[in-house]
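Per-entry structural report
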Amino acid sequence: MSEIVIGPKDLRPADIRPGDLAESRRWVPSAWHLALIPLALVMLFPFFWLVVTSLQTVAQSRTFGLHFGLQFHNYVDAWTQAPFGRWLLNTTVVSATVVVSNLVFCSLAGYALARIRFFGSGALFLVILATLMVPFQVVMVPTLLIVRGLGLVDTLPALMAPNLVTPFGVFLLRQFFKTMPVEIEEAARIDGAGRLGTLVKVVLPSMRAPLATVGIMTLLWTWNDFLWPLIAIQSEKHFTLQLGLMTFQGAHTINWPLVMAGTVTTQIPMLVIFIVAQRWFVQSLATQGLKG
Amino acid sequence: MTGAGREAVSSGRASLRDRFFASDHVAGWLFVSPAVLLIGLFGVAPIIWALIISFQNNSLITGGTWVGLANYRHLLHDPMFAASVRRTVVYTVLFVPITLFGALAVAVALNRRLRGMRFYRTAVFAPVVTSTVATAIMFSWLLDPYFGIVNLVLNKFGVPSQGFFQNPSQALYCIVIVTVWGWLGFAVVIYLAALQGIPRELLEAAEIDGATRWRAFWRVQFPLLGPTTLFLVVWLSINALQLFDEIYVITRGGPLASTTVVVYYLFQQAFAFFQAGYATAIAYVVFLAILVLTVVQLLIGRKLVHYRS
C-alpha cells in the first residue's frame, strides 16, 4: 500500500534521473497530450461552465456565446436568500463529529479485533463484515424508526448517530493492525504500558495512512451524503449543504445563475481540501479499492 | 479507560479489580463496546427489523400489521416494479462497461511522466469529491432543453434542440453520462494504483515494442490487472444497482417514469405512498440481487483471472 505514489510526488524533476525513459521525452512534447488535453477539457467543462454561469445575468445565461460577466450579485443573492452559512455550519459539525468518532472508536474496535483474543471476537468480526455488505436502502426504514424512537428525528444528531462507527472503518483498520509487526507492541507492554497506552503511543503513530483513509472516506461520505439527510431532516435550519442546495435549486429553477452561485459555494470547501490534500485523497481511494 | 488498573498490575500490586481489567476478555470487550453498541443499534438491529417490516403492512406512522409474504407476492405481479428493474438493468449494463473501459484508457494515459500531469490528474479526480447533488445540478443546466449550452451549440450546427432529461427516450442515457463523469475518477485511481504495481520493466518493454504495443497491452498488462478489473466490476455494479441521488435531483423518476429505477421506486413507495413494508421488501430483493450478482461475478472472474495468470 505504501508504494502507491500518485500525484505531485512523481513529478518532481529530481525524480527524473539520467537514463530514465522519461528523460528522452522531457523536451519533446508527447503525443499523449493530444489525448489528455481533450480529456481534461471534458472533465473540467462542467466546472468551468458552472463558474461562468454563476457570474452572468439571467439574460446573458440564455444566449449563446461567452459572456464573462462579473455579476457577483448572484453570490450575494444566494447567500441572502438561503441560509447557506447555517447549512455549511451544520455540515461541518456533523462531518467533524462523525470523522472524529470513527477515528477513535474504529481504532479501538479494529485494534481489539486484530490483537486481543477475547470471547466472541471471531463471531463479532463476522457480524461486522455482514453489516458492511448490506445496502443502505434495506435499513433505511428501520433506521428512521429507531432515530424517531430516540427522539432525534429532524435534529443534527440524527445525521450523526447512524454513522458514528462505520463497519468499513472497523474492518479497514483491523486489516492494517493485522499487518503490523507484533514485536514493537510486545516491547511496549513489557515496559509496562497498558493496552490503551500501547495503542495510543506506539501503534497509532505508525498508522497515519490507514487513519487518513478512514478519516477522508468518512468525511467524503458524510459531507456529500444525500439520501439519509433527505429522510431524516425536515426543517430548513437543520439542512446539510447538499440537502439545502437541492431545495435551493428546486425553488429557483428559472434563475440558473443564482443556482450556479449557490452550487459553487457549496462545493468550494471540499474542493479546496481535495486540492490541498490530493495525495492523501488519492491514496485513500486506492486503499479503499484494495482493501474495501 | 483501564490505564489505572494497568499501572497497578505492572507495579506488582495486583488486586482482584486490577486482574479483572487486565483480562483479555474484559479488555477486548471494553475496546469494542462503543462499536458494538452503535453498530448493533444502527447496523444489526435495522437489518433484522427490516426483514420483519418486509412481512408487514407498514405505513411508517402507525405500527405495522403482519401480512406474511403478501409484499413479496405483490412484487411479482407489479408491472411498475418490473419496469423499474428493466431500467436499472439497462442503466447498469451501460454504466459499468463505459466507466470501466473509459477508466482503463484514462489510467493508461495518466500512468506516465509528462509535463502537466498533475493538472490532468486533478481534472480527472475532481468530480470524485464533487457531491452527487452538485453534479446533478451542473448537468441539469448543461443539458437544459431551452437554454443549456449543449443545445445552444447543437443549434449552431443546425441540429434542433434535444429534450435530454425531459425526453422519455433520452433521460436514462443522459443519467448514464452524468454518473460516468462522476465515477470515472474513482475507477481511474484504482486502475492507476494497480498499474503502478506492475513492474516497470514490463511497462517499458511493452512501450518500446511499438509495433505490438496494442497487443502487448491486452496480452501482458490487462491480464495483470485482472483482480482490479474484477473488483471494479463488482463495486461499480453494486453502486449502479443503488442509483438514486442523481435521479432524485434531476428527474424525480420522470419523464413518464422513464428514469424510475428500482431504488427510486422503493423510495417513492416508502416516503410518497407510505408503503414502507412493500418498499422494504423491494430493498431486500435488491440486496439479494446484489449478493447473487456479486457471487456470480466473483466466480466467473476468478476463473478468468486464474486462467490468464
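Residues numbered from 1 in each chain as written. Chains lettered and ligands numbered in written order. Predicted model: local features only at pLDDT ≥ 70, side-chain atom pairs only at ≥ 80, totals over all residues.

1. Considerations on the overall build of chain B
Quick reminder of the rule: Only DSSP runs of H or I covering at least 4 residues are called helices, and only runs of E covering at least 2 are called strands; the numbering of each starts at the N terminus. Three classes are used. A residue is buried when 20 or more other C-beta atoms lie within 10 Å of its own, exposed when 12 or fewer do, and partly exposed in between, with C-beta atoms placed from the backbone. A residue pair is marked as a contact if its C-beta atoms, positioned from the backbone, fall within 7 Å.
Tallying secondary structure elements over chain B gives 15 helices and two strands in all. With 309 residues in all, chain B has 42% of them scored as buried. Counted over contacts in chain B with a minimum sequence separation of 6, partners at least 24 positions apart contribute 65%.

2. Some points on helix H10 (residues 182–190) of chain A
Taken across its nine residues, H10 of chain A has zero buried, putting it largely on the surface. Looking one or two residues past H10 of chain A, Gly 192 of chain A carries a phi angle of roughly 100°, positive in sign.

3. Some remarks on the packing of helix H4 (residues 73–81) of chain A against helix H15 (residues 256–276) of chain A
Residues and elements named next belong to chain A. Convention followed: For helices, the fitted axis covers only the stretch in contact; all axes are lines through C-alpha atoms, and the angles between them, taken along N-to-C directions, range from 0 to 180 degrees. Working definition: roughly parallel below 35 degrees, roughly antiparallel above 145 degrees, roughly perpendicular at 65 to 115 degrees, and oblique for all remaining angles.
Taken N-terminus to C-terminus, the directions of H4 and H15 make an angle of 75°; their axes are 8 Å apart at the nearest point. The angle between H4 and H15 falls in the class roughly perpendicular. Here Asn 74, Tyr 75, Asp 77 and Ala 78 of H4 lie close against H15, whose contacting residues are Pro 257, Leu 258, Ala 261, Gly 262 and Thr 265.

4. A look at the nonpolar core
We apply this condition: Among buried residues, those of type Ala, Val, Leu, Ile, Met, Phe, Trp, Tyr and Cys that are joined through C-beta atoms within 7 Å form a set called a nonpolar core.
Of all hydrophobic cores here, the largest spans 159 residues; its most connected members are Ala 109 of chain A together with Ala 107, Ala 187, Val 188, Val 189, Tyr 191 and Ile 282 of chain B. With 19 residues, the top contributor of residues to this core is helix H9 (residues 171–197) of chain B. Those residues within four positions of Val 188 of chain B in sequence are excluded, and the remaining contacts are Ala 103, Val 106, Ala 107, Leu 110 and Val 124 of chain B.

5. Observations concerning the domain arrangement of chain A
All names here are of chain A. Quick reminder of the rule: Those domain boundaries reflect an automatic or database domain assignment. Gly is put with the polar residues, along with every residue not named as nonpolar or charged; the nonpolar set is Ala, Val, Leu, Ile, Met, Phe, Trp, Tyr, Cys and Pro, and the charged set is Asp, Glu, Lys and Arg.
Along its sequence, chain A is organised into domain 1 (13–73) and domain 2 (80–291). Placing a centre on the C-alpha atoms of domain 1 and another on those of domain 2 gives a separation of 32 Å. Each partner contributes to the interface: domain 1 provides eight residues, whereas domain 2 provides seven residues. Of the residues forming the side of domain 1 that touches domain 2, the biggest block, four residues, is contributed by helix H2 (residues 32–54). Across the side of domain 1 that touches domain 2, the residue classes break down as three nonpolar, five polar and no charged.

6. Some words on the interface of chain B and chain A
At the junction of the two partners, chain B supplies 83 residues and chain A supplies 87 residues. Considering every element that reaches the side of chain B that touches chain A, the biggest residue donor is helix H3 (residues 24–53) of chain B, with 22 residues. Tallied by class, the residues present in the side of chain B that touches chain A amount to 61 nonpolar, 13 polar and nine charged.

7. With respect to the confidence of the model for chain A
To be explicit about the condition: For every residue, the predictor assigns a confidence score, pLDDT, that lies between 0 and 100.
A residue-level look at chain A finds 87% of positions with pLDDT of 70 or above and a mean pLDDT of 86. Residue range residues 1–25 of chain A is modelled with pLDDT below 50. Its contacts to residues more than four positions away, or to other chains, number 32 contacts.

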